[in-house]
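An overview of the molecular structure
Spelled out, the chains give:
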Amino acid sequence: MSDTEHTTDWWRRMSDAAANAEARRIIDDVYRPAPPRPPIPTSYRDTTESPTVGDAAPVWQDDKRIVPAWAAGTAVASIGIGAGSTGIGCGIWLVLKGFASMSVTGVVSMGVLVTGAAFFALSIGAAVSRARRSVSHHTYTGPVTKNTHVTSHTRGAFARSHTHLHN
């Protein structure tokens, strides 16, 4: 037996069609794209229950913060003033848009009228505010004597001064 006959005995012979199909399968397996890797998580949420401390379970505590009346009044007044000034500003814009053909002097004179009306309203508000204030006037009937003693110390090359008032 020759050397080539001995090797072909244990090796099965394939047909050309079977060899081509096997070669195509091997090439397809080698050049098949790899499946995409699963995404790597970038965050983690621990869903386990938090342990209770002590013998009792945690109890919900209602929020009992109270807004002071002055803070609520200031907030409401700020919203009202903002909305009112927006409306007044839009009205002035519409009026001035109608006067677009006016000269600069005419526009400035319209601004002076609006400013005068604002100062008038401010003066009325100040007068009402002062009229509503209670008058508390202290009348002293005896002599008032105030003794003030001032002590001053000046030291150092750059003349640091320390002044102390003794009442």
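Numbers given to residues run from 1 along each chain, matching the order in which its sequence is written. Per-residue local features are limited, in this predicted model, to residues with pLDDT of at least 70; the limit for side-chain atom pairs, both in listing and counting, is 80 or more; totals at the level of whole chains, interfaces and linings are taken over all residues. As a rule here, side-chain values cover all heavy atoms of the structure and leave hydrogens and water aside.

Take the confidence of the model for the protein next. When the pLDDT values of the protein are averaged, the result is 77; 77% of them are 70 or greater. When pLDDT is averaged over each element of the protein, helix 2 (residues 16–31) comes out on top at 91 and helix 1 (residues 3–10) at the bottom at 53. Confidence scores per residue from the predictor, reported as pLDDT, run from 0 to 100. Secondary structure elements follow DSSP: runs of H or I of four or more residues count as helices, runs of E of two or more count as strands, with numbering from the N terminus.

Residues Ile 26, Ile 27, Val 30 and Tyr 31 make up a contiguous nonpolar surface patch of about 440 Å² in total accessible area. By secondary structure assignment, the location of Ile 27 is in helix 2. We call a residue buried when its accessible area falls under 20% of the maximum for its residue type, exposed when it is over 50%, and partly exposed in between, using a 1.4 Å probe and counting protein chains only. Since its relative accessible area comes to 39%, Ile 27 is described here as partly exposed. Each patch is built from residues lacking any salt bridge and having more than 30% relative accessible area; the joining distance is 9 Å for like charges and 5 Å for nonpolar side chains (Val, Leu, Ile, Met, Phe, Trp, Tyr). Here the open area of atoms and residues is found with the Shrake-Rupley method and a 1.4 Å probe, where only the protein chains shown may cover a residue. We define a salt bridge as a contact between a side-chain nitrogen of Lys or Arg and a carboxyl oxygen of Asp or Glu at a distance within 4 Å.

This part is about the pattern of salt bridges. Applying the stated rule across the entire model yields 4 salt bridges. Linking Asp 29 and Arg 25 is a salt bridge whose minimum nitrogen-to-oxygen distance equals 3.0 Å. In this pair, Asp 29 and Arg 25 both sit in helix 2, 4 residues apart, roughly one turn of the helix. Judged by relative accessible area, which is 43%, Arg 25 ranks as partly exposed. With a shortest N-O distance of 2.8 Å, Arg 32 and Asp 29 are connected by a salt bridge. Each of Glu 22, Arg 25, Asp 29 and Arg 32 takes part in one network of salt bridges that share partners.

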